[in-house]
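Coordinate analysis (summary)
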Amino acid sequence: MNPLAEKNPHRRFNPLRREWVLVSPNRTQRPWQGQTETKAAVDVVSYDPECYLCPGNLRAGGVRTEKYTSTYVFENDFAALKPDAPRFESDEDDAGLLVAEGESGVCRVICFSPRHDLTLAKMSVEEIRPVVDVWAAQCVELGARDGIAYVQVFENRGAMMGASNPHPHGQIWASRSLPNEIVAELAGQKVYFEEKDEVLLCAYLALEEKLGERVVTANESFVVVVPFWAVWPFEVMILPRRHVARLEEMTDVEKTDFAAILREVASTYDQVFDTPFPYSMGLHPAPYDEQDHPEWQFHAHFYPPLLRSATIRKFMVGFELLGGPQRDITPETAAEMLRQAAARRG
Ligand code: H2U
Ligand code: ZN
């Protein structure tokens with residue numbers, strides 16, 4: 001890293017979203033008298049009769065969750081997107097200022113395990129692999145549907161990230177339109193592919209592997225990096241070593257390696273502040289919009305909110321809201337802290 005960047009304010013370019021992030025390493029010593037969150041309570045019961053995701057229990061919508069033994073997928077009882085939402089396009093006054101369109105899609109919930117007390121960090125690779133298979137199968141099924149352009153798989157973990165329930169689960173939102181993040185990442189990857197005739201994230205990974213300073217961990221098929229342009233303090237990206245657009249295109253070995261790297265990221269996070277680490281994570285496969293996507297590389301993002309302890313989080317407020325994203329600790333420092341956490345985990 002440029003030595004001037006280690007201690008001085010600078011901006012870094014995010015080529016994936018084609019935007020800048022402000023890095024202010026000089027600011028890490030500032031005192032804190034603001035909000036501290038209480039440490040998240042750890043759930044210990046393996047079955048909670050009150051939990052709507054535990055096998056055999058009644059959900060809020062009145063449907064009963066099956067007595068499942070591995071993973072379990074159901075239609076979200078309070079779905080944000082519906083398959084039968086009416087199609088319409090409107091532009092009141094034809095001025096382009098009051099534009100709306102009907103949006104349809106499918107929202108599902110995926111239970112990762114029947115055990116209420118587990119997390120991806122506590123599950124074995126053998127237990128996570130079926131989760132990977134379910135994600136892949138859901139992507140195949142929903143991605144093949146007419147009127148679905150994107151399948152967004154994600155997990156909100158921890159109350160701080162808005163997870164409604166500690167039972168290990170994630171969601172899928174499949175939509176007719178490409179979501180904003182995908183539009184931005186598609187544009188970034190296309191520009192790079194057209195200019196360099198190379199896949200942005202493949203070229204980026206080769207560079208990160210050569211430099212090493214932002215690499216957290218790796219296995220045969222995947223590498224975990226704190227992106228050069230990371231916004232959240234301990235944000236990481238999982239990148240496949242091979243150019244592959246989607247989960248379902250991965251080999252058996254790669255899918256197991258993906259399960260292993262997910263477990264590693266989640267359990268490393270839990271070591272950072274010795275607390276169950278909250279995060280939003282999600283998969284970014286190529287769009288299912290019937291276009292070719294030679295520019296797209298599959299990847300997963302982890303966006304954890306914690307900054308300085310189990311109870312002090314990063315807020316995206318002030319300049320971040322009104323100007324643009326900003327961070328204090330550098331991605332290189334964060335990567336070093338994550339490597340140390342991984343070593344403590346053993
Ligand atoms: P989160 O914990 O990430 O919010 O996901 C839980 C989802 O589960 C949420 O989208 C749904 C909510 O709509 N849900 C049901 O489908 N049925 C229920 O009985 C409760 C919650
Ligand atoms: Zn439960």
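Details of the structure are given in the entry above.
As the structure is a computational prediction, the values presented were derived from the model and not from experiment.

What links the strands of a sheet is backbone hydrogen bonding, and the strands pair in either a parallel or an antiparallel sense. Overall, antiparallel pairing links the nine strands, which are arranged β3-β6-β8-β7-β12-β13-β11-β10-β9 in an open sheet. Each of the sheet's edge strands pairs with one partner strand only, and the pair in question is β3 (72-75) and β9 (215-218). This sheet shows a mean twist of 20° between the axes of neighbouring strands, independent of strand direction. Inspection of the sheet shows strand β6 (residues 105-111) paired to strand β8 (residues 169-175) by seven bridges, in the antiparallel sense. Residue pairing in the sheet places C107 in a bridge with W173 of β8. Taken strand by strand, helix α4 (residues 200-211) contacts β9, β10 (222-225), β11 (236-240) and β13 (299-303), and its axis lies near 105° from that of β11.

For the rest of this paragraph, the subject is the coordination of the zinc ion (ligand 2). For the zinc ion (ligand 2), the protein coordination sphere consists of C51 (SG), C54 (SG), H116 (ND1) and H167 (ND1), at 2.0 to 2.4 Å. Bound by four donor atoms, the zinc ion (ligand 2) shows angles of 102 to 113° at the metal and therefore tetrahedral coordination geometry. In the primary sequence, the donor residues of the zinc ion (ligand 2) line up as C-x2-C-x61-H-x50-H. In this pair, H116 sits in the loop between β6 and α2 (125-143) while H167 sits in the loop between β7 (150-157) and β8, placing the two residues 51 residues apart along the sequence. Here the two residues H116 and H167 agree in accessibility, since each one is buried.

Rules behind the numbers
Residues numbered from 1 in each chain as written. Chains lettered and ligands numbered in written order. Predicted model: local features only at pLDDT ≥ 70, side-chain atom pairs only at ≥ 80, totals over all residues. Heavy atoms only, no water. Pairing = 2+ DSSP bridges. Helix = DSSP H or I, 4+ residues; strand = E, 2+ residues; numbered from the N terminus. Axes fitted to C-alpha atoms, helices over the stretch in contact; angles between N-to-C directions. Contact = heavy atoms within 4.5 Å. Donors = N, O, S within 2.8 Å, 3.2 Å for Na, K, Ca; no water. Tetrahedral: all angles 85-135°; square planar, octahedral: opposite > 155°, others 65-115°. Buried < 20%, exposed > 50% of the residue type's maximum accessible area, 1.4 Å probe, protein only.

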